[in-house]
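Geometric and topological summary
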Amino acid sequence: MSPLTLIFILPLLAAMLILLIPGNYRFLIRCVALAGTFLSMLVAINMFCHFNKAAVVDGFRFVEQHRLAPGIGISYHVGVDGINLGLILMGAIVVFAATAVSWSIKTREKEFYMLLLLMGGGVLAAFASLDLFFFYFFHELALVPTFIMIGIWGRGEQKNYATFQITLYLSLGALLVLLGLIAVYLQVPEPQRTFDIVGLTQYFRAHPMLAGTQRWIFPMLLFGFGVLVSLWPFHTWAPLGYGAAPSGTAMIHAGVLKKFGLYGLIRIALPLMPDAAQRWVYVLSLLCLGNILYCGLVAMRQRDLNMLIGNSSVAHMGFAFLGIASLSLIGITGTVLVMVAHGFLAALTFALSGYLRDEIQTTEIPQMGGLLRRLPFIGTVMIMAMLAGCGLPGFASFPGEALVLFGNWDRSALITGLAVWGALVIAGVYMLRAIRHIWHGEKERPPLQDAATLWRRVPYGLLLAGLILFGCWPRLLTDNIKTSVAAVVQAVGPDLTESAAQTRTPLQ
Amino acid sequence: MNQLSLLTLELAVIGLAMAILLIDLWTPHELKHRLGYIAAAGLLVILAISFCMSGATATTAFHGMYAQDGLSLFFKRLFLISALFVVLLGVEFSGRIAMVVGEFHVVTLLALAGMMFAASANDFVMVFVALETMSVSFYVLVSFQRSRAQSLEAGVKYLILSALSAAVLVFGIALIFGTGNRTGFAALGDEGARLAGDKVFLLGMLMVLLGLAFKISSFPLQMWTPDVYQGAPTPVTAFLAMGSKAAGFALVLRVLFDAAPALAAHLDKLLILAAGATILYGNLCAIPQRNLKRLLGYSSISHAGYLLLGIAALNADGSAAALYYLTGYVFTLGTVFTVICIVSRENEDISSLAGLNQRSPFLAFAMTLSMVSLAGIPPMVGFLGKFLLLRAVIERAAQNSAYLLLALVTIVGVVISIYYYFGVIRAVYWSKEPADLSPIVVSAPLKISLGVCIAAMLYLGIFPQSVLACATAAVKVLKF
Amino acid sequence: MNPVGLQDYLVVSVLLFSLGLLGVIVRRNVLVIYMALELMLNAANLALVAFSRYNDNLDGQVVVFFIITVAASEVAVGLALIVALYRRRQTTHVEDLTTLKL
Amino acid sequence: MQEVFFYIFAVLTLLCGALVIFNPFTRSPVTSAMFLVLTIVSMAGLFVLLHAFFLAAVQVLVYAGAVIVLFLFVIMLLDLKEEEQRKIKGSMAALGIFAVGVIASVMIATIRQSRLGFGAKASLTEGSTVALGQSLFGNFALPFEIISLVLLVAMIGAVLLSKKDLK
Amino acid sequence: MSNPLPWLVLLLPLLSAVVITLFLQKEPRWSAIVSVGAIVVSCLLVVDLFAEYHAAGSPLDLSVEWLRVGRLNIEFGIHLDALSMLMLLVVTGVGSAIHIYSTGYMKHDPHFSRFFACLSLFTFSMLGVVVSNNFFQMFIFWELVGVCSYLLVGFWYHKPSAADAAKKAFLSNRVGDFGFLTGIILVWATVGTLNFVGIKEQLVKNPDVFDTVWTAAGLLIFCGAVGKSAQFPLHVWLPDAMEGPTPVSALIHAATMVAAGVYMLCRVFFFFNPVALHVIGWIGGITALMAALIAVQQDDIKRILAYSTLSQLGYMVMAVGLGAPPAAMFHLTTHACFKALLFLGAGSVIHAVSDEQNIWKMGRLKEKMPITYWTFLAATLALCGLWPLSGSFSKDAILDAAYQHSMTLFAVGVFVAFLTTFYMFRLFFVVFLGKAKSDLTSHAHESPPVMTGPLIVLAIASVAAGFFGIAQYVTPQFFAQAEIAPVFAPLAPFKESPWPAFLGLAAFFVGLAAAWGLYGKAESDPLPASFAEVCVVLRRKFYFDEIYAELIALTQDALAQCADAVDYFGIKLFVRLIHGFTELTGRGLRLLQTGNLQTYALLVAAGIALVLYFMMQH
């Protein structure tokens, strides 16, 4: 059995196990959940380490395939290449961390952990699966858990509105995507019709899709995925929803699930519909500015910590989109790196803000201040996370964003310049203001419970370690990413940046 | 004799009905509610028999009146299953229908027989007769709770509107007979080429379809649904939603693709409009709805719309998808109505579900899953069904972009529907209303049937292959 | 007087049908609505008989049998229903039957 | 000759039919029932013109003899007096008439434009009872049997619904 | 990786930072030992390398591939040549002194360990900047020194002023870095490489590789220096940064980090075209003048030093702009010594008068703290450029360059020299001579040896640094044709460039006289009495802070407000509208369900009519 299967089966199994445990055995339930996610994390790390040794089956490793419904070409097919390798590793770690920080949940643990594990397993499976049907199927598994979790364990007076808004937005986006995927699938003539991504890619490489068809399918995918990734102006659900969600949910959702749309664009939309992609990138890069600048500015105005983090994560998505819009090897590699980095980052920040909320019962920034003396550990980690959020070198988001910017220059210098402003200055402004008003300052407060024990520190430490590891040594990922992305880019067509290389500098 | 052997299932059902009618005479009152179990057992046996029969070879009998093929068999199994749920609910419900439990099951079974004949109808006369058998039984069933004025009101409404639609249908049949000079599907199908161009024949077909539209509660004859669903006794509502609708679709399929395949191609615009309008009407009206059964009435309108997608696609995939969807729909509704029947006894407001997950986690779980399935979200069957339907529709989008529009309308509808279905889930888990937290006891048979439903919803949602294969085989008899 | 043909019969039946339909729409007394429904069914009968006459095919007349029977049974159930209803609500007017709405 | 009778019966049918629905003088269901009888009878006349003698008889017997009587029984049973003249809602009526008008006109137009009945002259074969019976128990055996189910259900239903108290 | 030594130099401080953070949080003594040990060892290594390099004479280049995607190839490398060697010496040398000093200065601080962790981290980052062999790596460390300065300035984060100062410093640097990064991307996109050597080769191979964007590229890169070296108009952060502990001011905001901008300019000197150089020169000149003027009217001892730093940095930048990077580096070196010394001296004074920083509350400290007094005097004289102290040589080198290129800038330079002497001796007289202006001074005492030791070392350096021909040493770095000059040949200003030297000296004496005249015995500042308006302007630092506050409020914050408003009233409202519209439609349609049978019948009829009409038309 492929490790991939193991990675997402383990949490689901744990969920089923919990279903059998009576609800009042709280400790047992937690332990089962932790064990399941921890094991899956170990498997993921192990897979990551042995990635390069594994056998390659048409571009993918650790492949496993079973035909489920030959009639309509659905098969269970998982595999991993450079693009989703990092995502799965990150996902597994985040899921474990999310389970670990959920010890603060004190009511209806049974349901909570079941839903959390269902969500986590589903999203891991979505990233692992190479079959469009299951790719979509597993992603949708998260919808209901999100709804119920925010509904029951969420906070804030806007809870109900947020719950429905996030659910409706996500399902709208998902259904658009569904239409697009089915349409893509139907472009293949009857005999070799399949939902298998590999098969589709090979087929369309051989017989490119009609430009006319691309023209109406691509927008569906672009905006469908866009809504899922909170592309401007479809972003309002994200800060609201994450603000209301319990930290575990927010971590998995903002950290892992959100990357689904970008992953889909890179994996499916670009290589299968190059012409349309070329046609749409300009629109896309403008919308990216919407994310980067506009949402950054909005973040400056937020008085609620969660809203601030939410908006900043929306802004970061802008860089991911910008990399895609560059349609260049460097840019898209950067996008994948940003996805992984932001996964760790978002999870970390939401975990910490959740902790903070538990400690001081508020997320209103003005009511904070001078907390660093009371919560040295949490404070330090949060400050590091926030500095990482404004693109500080040494954290994984920096190389990612840098790659994106380098990759996009030849497509549009102006947009790149503005993005740099967003990355360095705007991000700096709201993050530093937040640090100043939350942690610094002289406000006196009663002593608080800092994450003192090593055990409580593990999840934060893990996420931070991920950030720093890939920040200091990005080649761990990029060397694998670029080989896989190269295929995508080459399918999409001329890579401005690379071609510039030939023309400008013959002696390079 | 061979001919009669084809009728095994129908005869068995009728026999069962008669048996219960007789047994009822000698059963003391306090035991009458047990009759449902007899009926259930009988139906189980018949269901088992039905799986021994094979519709692989389409055979007609009684001078082409009656067709036994994959399609009819598929539908008959659906009817049997839904009747099974209904009789079980009948047991649960027996407290609420005075002292005439026995007759309740008898009439239910006769309605079932009508549906089964409808599934095998191969002649417009049969269509009419079978439909009427069904309808008349439902007149009785809907108004079965004589003590409840609402039930009677629903009965009157149902009777009058149904009779109206029946009259339209009959007039249509008359016109068809007049132009085709036949009433047999096969015969008409042969003359399809000639008739396709005949305006009067078209008129007749339209009137027949309108008559059937009433049964599947599709636009423009959907008005009755919410009222009747709300007024009728819960098991009957369930039967209307599962059986009657399915029967209507069986007939629509036969009439369109068996009697007038040549004409069907010209009806695409009408079908697209009907599907779109039905979806939007059902979903939009459901948004502010608080009464559960009424909500399900609207939702059943919208699902009629989804099913029409498959027919509007005018291709084998579409019809197969519709069959698959119906299968899932039966199990889903089986769950929903069982839960409603158990939980909301006197008040049928959504608030009656408040705190359900404290009162009975199992029921809450079942309700949630069924709502998720109705909303069409993985891993439940509802998703796979909609997936197949959309696939069939988009398949046509290449030729006619109206289908793309239809698909988008469907999406809008689904999103809206998620809003109110999830509202129910919300009521189950964290509604504000103060709820009595007395635990609910569920009788063993209902537990089993719920378990079966949930298993089926999940199985169909994840492993489509087997049933989808049956559906595809079933629609082979139709001509596209 | 031009010779009477099939179409004339059909027109009559169509008109009768419409009359019935109109009755269902405008009359309030359930009993009368039933009668209107009878009219509609009879219109179908007339059409069928006319067809079977002009197409030289007796099947039409057979169908009429069924229709009559069905009509009779519908009326039977319907009237029983009215009786039951009247016992509870002392009315046979449809506009009093509007508790199920919205 | 035929024509004359046709027009007489047709006009009678329609007129009485119309009077069933709206009787300018009274709203009593009894009158409606009576006019229904007349409609039926005059339709029977049309049947005769169409050489469907047996059906004509059945029509009269079943309808006039059974159905209408049933109606009258119920009316008497519930002693529905001629209740106060409730106004027909004008708007409702207007819309109804319009809709029905559209339907009728479309149907008539279609029929008139069609080639129905051209060439196919009325055959001389009588609607003989024998032939009728044969096809009823031959081709139509199955529907005939099923109809019995309808009657059964109707019977049960009628009993259940109208029984005074359910013991 | 052939030679491990350079790596060791770089990694030792990082190691100590990590070790202290992870394990020594509770062990102040040990963390001090580790941190000081690390920097001292790397200082010794540097000396060793220096000898090695000087023996070899050719640049030493080590690198490993850090990130390679497509055409973008980023190395992590060490490039050792005259320039970086010199800078390494400065950083590690001055750094060691300051580290040792801090062990005494921060003795009683509860967060002693954190302080040294940050110091070590800073040292690591600074060394990284120095040894970088490509733009990207330099940018990385550039950011890291920025964040270290953020952490150290905000070391006492519970003081709002400190927290705000840290934020301000970081953000102003970010503005500069925006230009820097953009410039880097532009260079890469044009030249195709980020490696300094590579870029130089390209420029040599085809000089017009940046056809139109050369100036732009140059200026964008220069933005980085503007931010880091606090040049006009981004100079506002440096004075506020004095909120940090004094050793930090000495190390980061006098000796090393702020000099990084100048260093970077020298590093890529080959890259600037005349236009760019012109701009650079003028910016430098303006900064020097403005800062010196402001310094005249400051009362906070550290702020005065800060403005003096600004103006000296202005000198250096001006020198680069005038095409005399050797002079710039020379002045950078000497300045590192005496400015660090000044700050440390100031620190010891502040320590003595119990953390009072206003010079008008001090006085007569000469007797109380002799060592501080004498070292401070030496540093002051060096700064003011009294021959033969180090400052005079480097300053005269700059004036000389100005004299050759632009008379205006020369004039500016001389005037700034005068101002420097003036405000420095103002400070000196008021603090050490005169009479005690508050009783704080009564119980002042000399600092412990651990603090005075470094003072003495630095004093010696500041006095003697001028005698090494540092300028000649780095010259070949920039001008290939220049012959390798002997290292220990002192510069003789009066022979080579008499005018600048004499004018410089004249400026010194005039300034000294003016200062003595005004402040020799002053109780309080006489100037405001006579030149009220001017003084107000100077005290308010030319209103830069106010202007910027307004500017930001008008542009960025206003935009943010708009965006927020759009987000709230635009998009969210729109969403709510759609929701409301749908719900209304639902409720509207629902009205059809009147429950009245006849309505239904009518609607059914209408439906049928509709369908028939619609279908039977064609």
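Structural data are supplied above this passage.
Since we're looking at a predicted model, the values are computed, not measured.

**What to know about the overall build of chain D**
- Regarding its fold elements, chain D presents six helices and zero strands.
- Listing every helix and strand of chain D by position from the N terminus yields α-α-α-α-α-α.
- A burial count over chain D gives 46% of its 167 residues as buried.
- Summing over all exposed atoms, chain D offers an accessible surface of approximately 8200 Å²; the carbon and sulfur share of this is 76%.

**Examining the overall build of chain A**
- Along chain A, the regular secondary structure elements total 21 helices and three strands.
- On C-alpha atoms alone, chain A measures out to a radius of gyration of 22 Å, which is about the 23 Å that the 2.2 N^0.38 rule sets for 508 residues.
- Expressed as lengths along the three principal axes of its C-alpha atoms, the size of chain A is roughly 70 × 55 × 45 Å.
- Here chain A holds 508 residues, and 73% of them are scored as buried.
- Pairs at least 24 apart in sequence give 82% of the contacts found in chain A among residues at least 6 apart.

**Overview of the interface of chain D and chain C**
- With 82 residues of chain D in contact, the opposing surface of chain C contributes 68 residues.
- Across the chain D to chain C interface the summed buried area is about 7200 Å²; carbon plus sulfur atoms make up 76%.
- Inspection of the chain D/chain C interface yields one salt bridge.
- The salt bridge partner of Arg112(D) is Asp8(C), with a shortest N-O separation of 3.4 Å.
- For the interface between chain D and chain C, the tally reads nine residue pairs in polar contact (both at pLDDT 80 or more).
- Of all the secondary-structure elements, those providing two or more residues to the side of chain D that touches chain C are helix H1 (2-21), helix H2 (29-49), helix H3 (53-77), helix H4 (90-113), helix H5 (129-137) and helix H6 (141-162) of chain D.
- No other element matches H3(D), which puts twelve residues into the side of chain D that touches chain C.
- Tallied by class, the residues present in the side of chain D that touches chain C amount to 57 nonpolar, 14 polar and eleven charged.

**Considerations on the sheet that holds strand S2 (residues 60-69) of chain A**
Residues and elements named next belong to chain A.
- Read from one edge to the other, the open sheet built from three strands follows the order S1-S2-S3, with strand pairing classed as antiparallel. The open sheet is flanked by strand S1 (56-57) and strand S3 (74-80), the only strands paired with a single partner.
- With two bridges joining them, S1 and S2 adopt antiparallel strand pairing. Within S2, the residue paired with valine 56 across the bridge is arginine 61.

**Regarding the packing of helix H14 (residues 305-326) of chain A against helix H17 (residues 397-409) of chain A**
Residues and elements named next belong to chain A.
- Between H14 and H17, whose axes approach to 9 Å, the crossing angle comes to 40°. Taken as a pair, H14 and H17 cross one another with a handedness that is left-handed. For the pair H14 and H17, the contacting residues are His316, Phe319, Leu322, Gly323, Ala325 and Ser326 in the first and Glu401, Val404, Leu405, Gly407 and Asn408 in the second.
- Counted by class, the contact of H14 with H17 contains five nonpolar, five polar and one charged residues.

**Structural notes on the packing of aromatic side chains**
- Enumeration according to the criterion identifies 107 aromatic pairs over all chains in this entry.
- For the ring pair Phe134(A) and Phe137(A), a centre distance of 5.6 Å and an interplane angle of 70° mean the geometry is edge-to-face. Of this pair, Phe134(A) and Phe137(A) both sit in helix H5 (residues 132-140), three residues apart, which is roughly one turn of that helix. By the burial criterion, Phe134(A) is buried, and Phe137(A) matches it.
- Seen in terms of ring centroids, Tyr242(A) and Phe350(A) are 5.4 Å apart; in terms of plane orientation they differ by 70°. Their pairing is edge-to-face. Of the two residues, Tyr242(A) sits in helix H10 (residues 237-244) while Phe350(A) sits in helix H15 (residues 329-360), which places them 108 residues apart along the sequence. There is no split in this pair, since Tyr242(A) and Phe350(A) are both buried.
- Stacked on the ring of Tyr185(A), the Lys or Arg Arg193(A) has its end atom at 5.7 Å from the ring centre.
- Stacked on the ring of Trp188(E), the Lys or Arg Arg71(E) has its end atom at 4.4 Å from the ring centre.

**Topic: the pattern of salt bridges**
- Throughout the structure, instances matching the rule amount to 39 salt bridges over all chains.
- Of the charged contacts, one joins Glu364(A) and Arg303(A) as a salt bridge, the two residues approaching to 3.3 Å between their closest N and O atoms. Of this pair, Glu364(A) sits in the loop between H15 and helix H16 (376-389) while Arg303(A) sits in the loop between helix H13 (274-301) and H14; the two residues are 61 residues apart in sequence, bridging distant segments of the chain.
- The salt bridge partner of Asp240(E) is Lys168(E), with a shortest N-O separation of 2.8 Å. Of this pair, Asp240(E) sits in helix H9 (residues 237-240) while Lys168(E) sits in helix H6 (residues 160-191), and the two are 72 residues apart along the sequence.

**Re unusual backbone geometry**
- Of note, the amide linkage connecting Pro378(B) to Pro379(B) takes the cis form, showing an omega dihedral of 0°.
- If you trace the backbone, Pro379(B) turns up in the loop between helix H19 (361-375) and helix H20 (381-397).
- Following Phe232(E), the chain continues into Pro233(E) via a peptide bond in cis, with omega recorded as 5°.
- Note on placement: Pro233(E) falls in the loop between helix H8 (214-228) and H9.
- One non-glycine residue with positive phi stands out, namely Ser354(E), at about 50°.
- Tracing the chain through its elements places Ser354(E) in the loop between helix H14 (325-352) and helix H15 (365-368).
- When its relative accessible area of 42% is taken as the criterion, Ser354(E) is described as partly exposed.

**Section: the environment of Phe257(B)**
All names here are of chain B.
- Positionally, phenylalanine 257 belongs in helix H13 (residues 234-259).
- Separated by 13 residues in sequence, phenylalanine 257 and serine 244 have C-alpha atoms that sit 20 Å apart.
- Setting aside residues no more than four positions away along its own chain, phenylalanine 257 makes contact with Ala264, Ile311, Leu314, Ser319, Leu478, Lys479 and Phe480.

**Points about the interface of chain E and chain A**
- Tallying the contact residues gives 54 residues for chain E and 65 residues for chain A.
- Of all residues in chain E, Arg71(E), Tyr157(E) and Arg174(E) give up the largest surface area on contact with chain A, accounting jointly for 13% of the area buried on that side.
- Where chain E packs against chain A, one counts three salt bridges.
- Close ionic contact of Asp557(E) with Arg433(A) constitutes a salt bridge, the shortest N to O distance being 3.3 Å.
- Applying the counting criterion to the chain E and chain A interface returns twelve residue pairs in polar contact (both at pLDDT 80 or more).
- Every element with two or more residues in the side of chain E that touches chain A is listed here: strand S1 (60-69), helix H5 (135-153), H6, helix H7 (196-205) and helix H25 (544-590) of chain E.
- Among the elements that take part in the side of chain E that touches chain A, H6(E) stands out by supplying 19 residues, more than any other.
- A class-by-class count of the residues in the side of chain E that touches chain A yields 31 nonpolar, nine polar and 14 charged.

**Some details on H25(E)**
Residue and element names in this part refer to chain E.
- Between the first and last C-alpha of H25 there are 65 Å, a value that for 47 residues agrees with the 69 Å anticipated at 1.5 Å per step.
- Along H25, the sharpest kink reaches roughly 35°, centred on alanine 553.
- Of all the residues in H25, the buried ones are Phe544, Gln556, Ala560, Ala563, Asp567, Ile571, Lys572, Val575, Thr582, Glu583, Gly586 and Arg590.

**Concerning the packing of helix H3 (residues 82-101) of chain A against helix H20 (residues 475-492) of chain A**
All names here are of chain A.
- One can describe the packing of H3 onto H20 by two numbers: an axis separation of 6 Å at closest approach and a directional angle of 135°. With respect to H20, the element H3 is oriented oblique. Residue-level inspection shows Gly82, Ile83, Leu85 and Gly86 of H3 in contact with H20, the latter providing Leu477, Asn480, Ile481, Ser484, Val485 and Val488.
- Here the contact of H3 with H20 is composed, by residue class, of six nonpolar, four polar and no charged.

What counts, and where the lines are drawn
Residues numbered from 1 in each chain as written. Chains lettered and ligands numbered in written order. Predicted model: local features only at pLDDT ≥ 70, side-chain atom pairs only at ≥ 80, totals over all residues. Heavy atoms only, no water. Helix = DSSP H or I, 4+ residues; strand = E, 2+ residues; numbered from the N terminus. Buried < 20%, exposed > 50% of the residue type's maximum accessible area, 1.4 Å probe, protein only. Areas by Shrake-Rupley, 256 points an atom, 1.4 Å probe, with all protein chains shown as cover. Rg over C-alpha atoms; globule rule 2.2 N^0.38 Å. Contact = heavy atoms within 4.5 Å. Buried area = accessible area lost by both parts, 1.4 Å probe. Salt bridge = Lys/Arg side-chain N within 4 Å of Asp/Glu carboxyl O. Polar contact = N/O pair within 3.5 Å; in protein donor to acceptor, adjacent residues only side chain to side chain. Nonpolar A, V, L, I, M, F, W, Y, C, P; charged D, E, K, R; others polar. Pairing = 2+ DSSP bridges. Axes fitted to C-alpha atoms, helices over the stretch in contact; angles between N-to-C directions. Left-handed = near helix turned anticlockwise from the far one by under 90°. Phe/Tyr/Trp six-rings, centres within 6.5 Å; stacked < 30°, edge-to-face > 60°. Lys NZ or Arg CZ within 6 Å of the ring centre and 35° of its normal. Expected span 1.5 Å × (residues − 1). Bend = angle between axes of the 7 residues up to and from the residue. Parallel < 35°, antiparallel > 145°, perpendicular 65-115°, else oblique.

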